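# Examination of the molecular architecture
What follows is each chain in one-letter form.
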Amino acid sequence: MPRVVVDVMPKPEILDPQGKAVLGALPRLGFVGVTDVRQGKRFELEFAGEITDAVLAEVHEMAETLLSNPVIEYYTVHLAEAEQPA
C-alpha cells in the first residue's frame, strides 16, 4: 500500500527540552561529537489506491490542522520509499 510520511519538528526558535535532555545524556553514555539534538514526530499514512496531487494536498491539510501546531512546529510531507528497518 502506498504510504505518505509527515515529519513534524519544532521550529528552530522554539526550545526543545526533550532534545536537550537527549543531548545531555549522550556523552554520559559514551557518545561524543553530537552538537545538537531536536526531537520531533513522524506520521506514516497508508492509502488505498494511488497517491495523487489531490491526496497530497489533503495530507498537507491534515498536517496543518491536526498533525502539527503551525505556531511552534513545521512539517514536511513526502512519499515513503521501500524502507528497511534498522
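Because the structure is a prediction, the values reported are computed rather than measured.

### Some details on helix α2 (residues 53-67)
The periodicity of an α-helix, 3.6 residues per turn, causes residues three or four positions apart to be oriented the same way. Val 55, Val 59, Ala 63 and Leu 67 are the residues of α2 that are buried. Within α2, the buried residues cover an arc of 85° as seen down the axis, which keeps them to one side. Turned more than 90 degrees away from the buried face of α2, the exposed residues are Asp 53, Ala 54, Glu 61 and Thr 65. Check the buried side of α2 and you find it contacts β1 (3-10), β2 (41-46) and β3 (73-79).

### As for the nonpolar core
In terms of nonpolar packing, the biggest core is built from 10 residues, these being Val 4, Val 6, Val 8, Phe 47, Ile 51, Val 55, Val 59, Ala 63, Leu 67 and Val 77. If you list the elements that add at least two residues to this core, you get β1 and α2. It is α2 that provides the largest number of residues to this core, a total of four residues. The residues touching Val 8, leaving out its near neighbours within four places in the chain, are Gly 40, Lys 41, Phe 43, Leu 67, Ser 68, Glu 73, Tyr 74 and Tyr 75.

### Some details on helix α1 (residues 17-28)
The end-to-end C-alpha distance of α1, which contains 12 residues, comes to 17 Å, matching closely the 16 Å that a straight helix rising 1.5 Å per residue would cover. Within α1 the residues assigned to the buried category are Gly 19, Leu 23 and Leu 26. Around the axis of α1, the buried residues are gathered within 60° of arc, so they sit on the same side. Looking at α1, the residues exposed on the side facing more than 90 degrees away from the buried face are Pro 17 and Arg 28. Positioned one or two residues after α1, Gly 30 has a phi angle of 95°, which is positive.

### Focus on the sheet that holds β2
On the basis of which strands lie adjacent, the open sheet formed by three strands has the order β2-β1-β3 and antiparallel pairing. Taken across any chain shown, the strands that pair with only one partner, and hence form the sheet edges, are β2 and β3. The sheet shows a mean angle of 20° between the axes of neighbouring strands, direction not considered. Bridge count between β1 and β2: six bridges; the pairing is antiparallel. The partner of Val 8 across the bridge, within β2, is Lys 41. This element, α2, spans β1, β2 and β3 of the sheet and lies at about 155° to β3.

Reading the values: rules and limits
- Residues numbered from 1 in each chain as written.
- Predicted model: local features only at pLDDT ≥ 70, side-chain atom pairs only at ≥ 80, totals over all residues.
- Heavy atoms only, no water.
- Buried < 20%, exposed > 50% of the residue type's maximum accessible area, 1.4 Å probe, protein only.
- Helix = DSSP H or I, 4+ residues; strand = E, 2+ residues; numbered from the N terminus.
- Arc of directions from axis to C-beta.
- Contact = heavy atoms within 4.5 Å.
- Core = buried A, V, L, I, M, F, W, Y, C linked by side-chain atoms within 4.5 Å.
- Expected span 1.5 Å × (residues − 1).
- Pairing = 2+ DSSP bridges.
- Axes fitted to C-alpha atoms, helices over the stretch in contact; angles between N-to-C directions.

Scope: geometric values only; no functional claims are made or implied.
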